[in-house]
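An overview of the molecular structure
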Amino acid sequence: MYASSILFDARSFGAQLPRHLGELKRDPRYGEGRHELLVVDDTGDRRLPGLASRFGVTLLPCPRCPLGERLNGAVAASQGELLLFPGGALHGFPAWLDNQLSDIGQQGWDAALLGVRNRSVLLRLLNWLYRASPTDTICVTRRWFERIGGFDPELEYDAIPELIERLRACQARISIGGA
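Quantities reported herein were computed from a predicted structural model and do not represent experimental measurements.

1. Examining the packing of aromatic side chains
When we look at a pair of aromatic rings, we describe it by the centre distance and by the angle of the planes. Under the definition given, this model contains four aromatic pairs. With a centroid separation of 5.4 Å and an interplanar angle of 65 degrees, the aromatic rings of Phe-145 and Phe-151 are classed as edge-to-face. A single burial state applies to Phe-145 and to Phe-151, both of which are buried. The structure contains a cluster of three or more aromatic residues connected by ring pairs, namely Phe-85, Phe-145 and Phe-151.

What follows is the structure, encoded as structure tokens:
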């Protein structure tokens, strides 16, 4: 079993996906086999198999469906104890992940939000409205993810904020940090 599964959605990341995968793969801490990278794809983009091969990522093709269903499918195929759903801005993410995994089991949280500093006014407004912005990285233990039943498979843009709300309603310990 891996320490963490980092799950990307090809539709959400679009053209930024190669840059983010490259950033994670260049970091020497991720060559130790402790983390698995998975990309779920409902776009059918013919370039993705080559990209997955180049970065050593597991590509999970799926039929066109809402984000919640895509991410639930990716989690079902993953093996990590921690499930990470990167947001659109990964600055500081590799160091944050390494710090969180160094004390797994004693971390004192069940889920964590890694926010981005210096957000624009629009992103701060989205954060206020949805309680999680598209640039936040969400990390949740597999135990809590399974306990609350995962993402609502019918939700698209609200899938991640709704998951966080259910975690809060179930009194999960949620850490909020900044990159």
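2. What about the nonpolar core?
Counting residues in hydrophobic clusters, the biggest one holds 24 residues, and the most contacted among them are Phe-85, Val-140, Phe-145, Phe-151 and Leu-167. Going through the elements one at a time, strand 2 (35-41), helix 4 (67-77), strand 4 (82-85), strand 5 (111-115), strand 6 (137-141), helix 7 (142-147) and helix 8 (159-169) are the ones with two or more residues in this core. A total of five residues in this core trace back to one element, the largest contributor, which is helix 8. Phe-8, Ala-52, Val-57 and Cys-139 belong to the second-largest nonpolar core, a separate cluster that totals 19 residues.

3. Regarding the pattern of salt bridges
Taken as a whole and judged by the stated rule, the model has 10 salt bridges. One salt bridge connects Asp-110 with Arg-143, and the closest N-O pair in it is separated by 3.8 Å. You can see Asp-110 sitting in the loop between helix 5 (93-102) and strand 5 and its partner Arg-143 sitting in helix 7, a full 33 residues away along the chain. Between Glu-146 and Arg-142 there is a salt bridge, with its nearest N and O atoms 3.8 Å apart. With a gap of four residues between them, Glu-146 and Arg-142 both fall in helix 7, about one helical turn apart.

Procedures and definitions
Residues numbered from 1 in each chain as written. Predicted model: local features only at pLDDT ≥ 70, side-chain atom pairs only at ≥ 80, totals over all residues. Heavy atoms only, no water. Phe/Tyr/Trp six-rings, centres within 6.5 Å; stacked < 30°, edge-to-face > 60°. Buried < 20%, exposed > 50% of the residue type's maximum accessible area, 1.4 Å probe, protein only. Core = buried A, V, L, I, M, F, W, Y, C linked by side-chain atoms within 4.5 Å. Helix = DSSP H or I, 4+ residues; strand = E, 2+ residues; numbered from the N terminus. Salt bridge = Lys/Arg side-chain N within 4 Å of Asp/Glu carboxyl O.

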